[in-house]
Amino acid sequence: MSLKIYNTLTRQIDELIPGGVKQDKPEDYPAITIYSCGPTVYSYAHIGNFRTFIFNDFLRRYLKFRGFSVNHAMNITDVDDKTIKGSIEEGISLSQYTEKYTEIFYEDLKALSIEDVEHNPKATESVDEMINILKKIDANGMLYEKEGSLYFNIAKFPGYGKLSMLDKREIKSGVSFDADEYEKEDVRDFALWKAPRENEPFWETPYGPGRPGWHIECSAMIRKIFGTTIDIHTGGVDLIFPHHENEIAQSEAAYGETFVRHWIHTEHLLVDGTKMSKSAGNFYTLRDLLAKGYSPRSIRYLLMSAHYKKQLNFTLEGITQADQALERIDNFILRLNDRKNTTGENSEVDAITSALIRDFSETVDNDLNISGGLGVFFEFIHKVNSMISEDKISQKDAEKIIGTVKRLDQVFGFVFSAAEEESDADRERIDALVNERIEAKKSKQFARADEIRDILKNEGIILEDTKDGTRWKRKK
Ligand code: AMP
Ligand code: ZN
């Protein structure tokens, strides 16, 4: 079984071969080096951005689940056209401005159960490495200076356009361009380093003072952390051109070796058929949705459950559907927990749990088909629910099944959220209150029963009467 993922560079589904040399088992490979373009911290990230960040997290978790180890970096873009503009408008320093949004971004990642990665470099802390790259590109004759700025001469780099499939005729070299972001119609020499402007922050370099263009930042952070060719580079499809095309040009022009083996790009989150974006004004931040009463867990589920190469149209109805899917999972776990004190062992359970892991992996190995993988999981839930109804699942069987679901949740991150897991002491205390309420009702002490209901309600605990008795769950 091998893991195959679409590679934007080769335009085909390629086997993932970390380090470039095929090995027998995932454990035999060196740690997979991954770089994900991180947020530009000029404002709150919107949930379109989080679709991409949740995908990065899913990719990382799935690689680990499959037995690979990972060495993952996601940067913070804390100097570019947008951050500079924002700090000037607010009349505060660039670092004061970007620190605020960086902090907010990390809080949002945590809320969405996105794992910490091994490295979070900041662009402003990597300027020395940018200067190294500039010197190398210069030595290789691919940059020129104009009015205090440095530009990359794309005509001198033969591979220019290989990622975004540019038609050579479109390339207008010799025409330079300052903006960090531009369209394919403007394939031009891009700014590596920008001359200082009034009120803008700048750094001293052997080429004179100035500040980095956006593209060189990622090239420099990758070089600084990994030192050589990396296995995977990710980002949204909007970054293919010009950002990633320019990263390749700079890094390969400087060091003469392959920059990245496998390029993975996520499709956009749309609203009414248009990309969710700050500039279109059609966006929700995570906080907007939390304020409307939606849970981060349902948002994670929704954004993660669509295949990364398919556009996803965002609706509030979509979050409600995600909620319903999660409720099915929660009820399944509750039913398994209810098997306490039942004896015996069903020999079928080992077979169905291993089939679950096998079928899930086989499905997701095929270009990270998470929607198919969730389908496998829901079929399993359906089957086990029937077995529970037929009284074929004992406490021991239920424990095994929960153990298997926990393994899958290392990938999902939405079944058992660490923050929401009850401590044993809490569970015992709540069980005792629930039992006391049942007894109070039996002995017609309704005031006490209501009091307990209110105590539990205040803690966000919902009571449900089922044919097997009263059970409780925490509102998530
Ligand atoms: P930015 O902070 O603008 O640099 O974007 C951070 C990440 O979000 C990049 O990888 C973008 O490609 C990605 N992104 C931006 N808009 C969307 C969207 N509507 N859907 C999915 N990803 C997006
Ligand atoms: Zn980048």
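Every chain is numbered independently, its residues counted from 1 as its sequence is written. Both sets of labels track the order of writing: A upward for chains, 1 upward for ligands. Reporting of local features is limited, given that this is a predicted model, to residues whose pLDDT is at least 70; pairs of side-chain atoms are given and counted only at 80 or more, and all residues count toward the totals for whole chains, interfaces and linings. To get the side-chain values, all heavy atoms of the structure are used, and hydrogens and water are removed first.

Draft legend 1. Inspection of the pairing of strand β8 (residues 188–194) at higher detail. Only protein chains enter the accessibility calculation, which uses a 1.4 Å probe. A residue is then buried if its area is under 20% of the maximum for its type, exposed if over 50%, and partly exposed in between. Where helices and strands are cited, they refer to DSSP runs of H or I of at least four residues and of E of at least two residues respectively, numbered from the N terminus. Counted residue by residue, β8 has 7 buried out of 7 residues, so it is predominantly covered. Here 2 bridges tie β8 to strand β9 (residues 211–212), and the two strands are oriented antiparallel to one another. Opposite K194, over in β9, you have R211 as the bridge partner. Strand pairing is assigned whenever DSSP detects at least two bridges linking the two strands.

Draft legend 2. Quick peek at the environment of E198. By the secondary structure assignment, E198 is in the loop between β8 and β9. C-alpha separation for the pair E198 and E439, spaced 241 residues apart in sequence, amounts to 75 Å.

Draft legend 3. Just the layout of surface pockets, in detail. If you add up the space inside the second largest pocket, you get close to 970 Å³. Contributing to the lining of the second largest pocket are 43 residues, with K82, E181, D238, L239 and K275 lying nearest its centre. Counting only elements with at least two residues in the lining of the second largest pocket, the list comes to α1 (47–65), α3 (94–111), α5 (214–226), β10 (230–236) and α6 (240–255). Counting residues per element, the lining of the second largest pocket draws most heavily on α1, which supplies 4 residues. For the lining of the second largest pocket, the class distribution of residues is 19 nonpolar, 15 polar and 9 charged. The distinction between a cavity and a pocket rests on a 1 Å grid over the protein atoms alone: a 1.4 Å probe fits inside a cavity but cannot get out, while a pocket stays open yet meets protein on both sides within 12 Å along at least five of seven lines, and a residue with an atom within 4 Å of a point counts as lining. Grid points are joined across faces, edges and corners, and a volume is the space filled by probe spheres set on the points. The nonpolar class holds Ala, Val, Leu, Ile, Met, Phe, Trp, Tyr, Cys and Pro. Asp, Glu, Lys and Arg form the charged class, and all remaining residues, Gly among them, are polar.

Draft legend 4. Up close: the nonpolar core. Buried Ala, Val, Leu, Ile, Met, Phe, Trp, Tyr and Cys residues that are joined via side-chain atoms within 4.5 Å together make up what is termed a nonpolar core. Formed by 84 residues in total, the largest nonpolar core has its most connected members in L63, F360, L368 and F412. Not counting residues within four places of it along the chain, the set of residues in contact with F412 comprises R61, R300, M304, F360, I370, L374 and F377. Formed by 46 residues, the second largest nonpolar core is a distinct cluster that contains L94, L150, L239 and A254. By the convention used here, residues are in contact when the closest approach between their heavy atoms is within 4.5 Å.

Draft legend 5. Region of interest: empty space enclosed by the protein. The full count for this structure, using the stated rule, is 2 cavities of 30 Å³ or more. The wall of the largest cavity is formed by S219, I222, R223, T228, T229, S251, E252, Y255, E257, T258 and F259. Listing elements by their share of the lining of the largest cavity, those giving two or more residues are α5 and α6. Of the residues belonging to the lining of the largest cavity, the class tally is 3 nonpolar, 5 polar and 3 charged. In this model, the second largest cavity occupies a volume close to 70 Å³.

Draft legend 6. Summary view of the site of ligand 1. One heavy atom suffices: a residue is near a molecule or strand as soon as one of its heavy atoms comes within 4 Å of it. Ligand 1 sits among 17 residues. The nearest are G48, T52, D238, L269 and M276. In this structure, an oxygen atom belonging to ligand 1 sits 2.9 Å away from a main-chain N or O atom of T40. Polar contacts, as used here, are pairs of N or O atoms within 3.5 Å; protein pairs need one atom able to donate a hydrogen and one able to accept it. Residues neighboring in sequence count only if both atoms are side-chain atoms. Here N49 contributes a side-chain N or O atom positioned 3.1 Å from an oxygen atom of ligand 1. Isolated, ligand 1 exposes 500 Å² of accessible area, and the fraction of that covered by the protein chains is 93%. In this structure, ligand 1 is accommodated by the second largest pocket. The set of elements that each furnish at least two residues to the shell around ligand 1 consists of α1 and β10. With 4 residues, the top contributor of residues to the shell around ligand 1 is α1. Class assignment of the residues belonging to the shell around ligand 1 gives a composition of 5 nonpolar, 9 polar and 3 charged. Throughout, the Shrake-Rupley method with a 1.4 Å probe supplies accessible areas, and for residues the shown protein chains are the sole cover considered. The way we define it, a molecule is inside a pocket or cavity when more than half of its atoms are within 2 Å of that pocket's grid points.

Draft legend 7. Structural context of the pairing of strand β2 (residues 12–15). As paired strands, strand β1 (residues 4–7) and β2 are joined by 4 bridges and run antiparallel to one another. Bridging from a neighbouring strand, K4 pairs with E15 of β2. In sequence, β1 turns back onto β2 through a hairpin of 4 residues, with R11 there showing a positive phi of about 60 degrees.

Draft legend 8. Examining the coordination of the zinc ion (ligand 2) more closely. Distances from the zinc ion (ligand 2) to its protein donors, C37 (SG), C218 (SG) and H243 (NE2), fall within 2.0 to 2.2 Å. Mapping the donors of the zinc ion (ligand 2) onto the primary sequence gives the spacing C-x180-C-x24-H. Note that C218 is positioned in helix α5 and H243 in helix α6, a separation of 25 residues in sequence. In this description, a donor is an N, O or S atom within 2.8 Å of the metal centre, a cutoff extended to 3.2 Å for sodium, potassium and calcium. Water is not part of the atom list, which can make sites seem incomplete.

Draft legend 9. Seen up close, the sheet that holds β10. Taken in spatial order, the 4 strands line up as β4-β3-β10-β11 in an open sheet, and their pairing is parallel. Each edge of the open sheet is held by one strand with a lone partner, namely β4 (70–74) and β11 (260–266). Put simply, the sheet's adjacent strands are angled 20 degrees from each other on average, direction ignored. Across 3 bridges, strand β3 (residues 32–36) lies against β10 in parallel orientation. When the sheet's bridge partners are listed, Y35 is paired in β10 with H233. Interaxial angles span 0 to 180 degrees and are taken between N-to-C directions of axes, which are lines fitted to C-alpha atoms, for helices over the stretch in contact.

Draft legend 10. Representation of α1 in the model. Between its first and last C-alpha atoms α1 spans 26 Å; for 19 residues at 1.5 Å apiece the expected length is 27 Å, and the two agree. Burial runs high along α1: 17 of the 19 residues are buried. G67, located one to two residues past α1, shows a positive phi value of around 100 degrees. A helix's residues, less one, multiplied by 1.5 Å, set its expected span.

Draft legend 11. Spatial organisation of the pattern of salt bridges. Within this document, salt bridges are pairs made up of a side-chain nitrogen of Lys or Arg and a carboxyl oxygen of Asp or Glu, the two lying within 4 Å of each other. Within the structure shown, the criterion is met by 37 salt bridges. Of the charged contacts, one joins R211 and E200 as a salt bridge, the two residues approaching to 3.4 Å between their closest N and O atoms. On the criterion of sequence distance, the pair formed by R211 in strand β9 and E200 in the loop between β8 and β9 is long-range, its members being 11 residues apart. The exposure classification of R211 matches that of E200, with both residues buried. With its nearest N and O atoms 2.6 Å apart, the salt bridge here joins R448 to E436. With R448 in helix α14 (residues 446–458) and E436 in helix α13 (residues 424–442), the pair connects residues that are 12 residues apart, well separated along the chain.

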